[in-house]
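What follows is each chain in one-letter form.
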Amino acid sequence: MDRTQFIKYAQEVVLTVLKITSVQLDKLKEMGDLSGVEILEEKVLIPYERIYGALLEMKIDKMSEEEFKSFEEMVEEIREKNNLSIEKIKIDLEKREKLKNKSGAMVVKKFFNYNLNRFLDKKDKIAEKYNSLATEEQNLENLLKDTVQEEEQFDIIYRLQPVREKLRDVENKYLVVEKDINQLKKKLESKWPYEIYGVISEEELLETYKEAFKMED
């Protein structure tokens, strides 16, 4: 196996580990095992996520023979540690190469981008609402400062309360959508969350989702 092919092989090994880990995490989340989720993320997901990121940036052609041999040994150690067969990795490599832009990875990537744009649009609308409420609050506060009559002050305070409640609600919504945006950006930047679907076709992935929705119904 030449160096160019081996780096693809190495990426496939790590992607397989990430895919298995992702499935395990989903099961633990369904069970409500937050401690298990935290341990698996810390001990497996994050380290392998970093390894995959490093593999994408690796200049394998600039390695010395000794460095390359050491790299090969490290990859094989990862494969053996996770009980992955060479045959399975090679089969997945062939599938990935054959499917390319018609794989499930492209479907998931498009889905991530679609949701990111949707959340960004939602964030803009929330920001507009916040600015409108903040202006209304400021106007009422200025009016309160200029008001001398106690009865009028109480009336302004009464009007201020719901505006401030709405502001808190909008702030919470902003934080939620900002979290969603950051998570999607991270998934797109790290690539593996959609690349793990690169060994199945668009049709297979969509069929799997259809079946999952039927089960939920």
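Residues numbered from 1 in each chain as written. Predicted model: local features only at pLDDT ≥ 70, side-chain atom pairs only at ≥ 80, totals over all residues. Heavy atoms only, no water.

Caption draft 1: Spatial organisation of the layout of surface pockets. In this structure, the largest pocket spans a volume of roughly 1100 Å³. Along its surface, the largest pocket is lined by 27 residues, and Ser22, Asp26, Lys29, Lys187 and Pro193 are the ones closest to its centre. At the level of secondary structure, the elements contributing two or more residues to the lining of the largest pocket comprise helix 1 (3–31), helix 2 (34–57), helix 5 (104–146), helix 6 (150–190), helix 7 (192–195) and helix 8 (202–216). The element contributing the most residues to the lining of the largest pocket is helix 1, with eight residues. Grouping the amino acids of the lining of the largest pocket by side-chain chemistry returns 15 nonpolar, three polar and nine charged. Of the pockets and cavities examined, the second largest pocket occupies roughly 520 Å³. Elements represented by at least two residues in the lining of the second largest pocket include exactly helix 1, helix 2, helix 4 (86–99) and helix 5. Broken down by class, the residue content of the lining of the second largest pocket amounts to seven nonpolar, five polar and nine charged. (1 Å grid on protein atoms, 1.4 Å probe; cavity = no way out; pocket = protein on both sides within 12 Å on 5 of 7 lines; lining within 4 Å. Points joined across faces, edges and corners; volume = space filled by probe spheres on them. Helix = DSSP H or I, 4+ residues; strand = E, 2+ residues; numbered from the N terminus. Nonpolar A, V, L, I, M, F, W, Y, C, P; charged D, E, K, R; others polar.)

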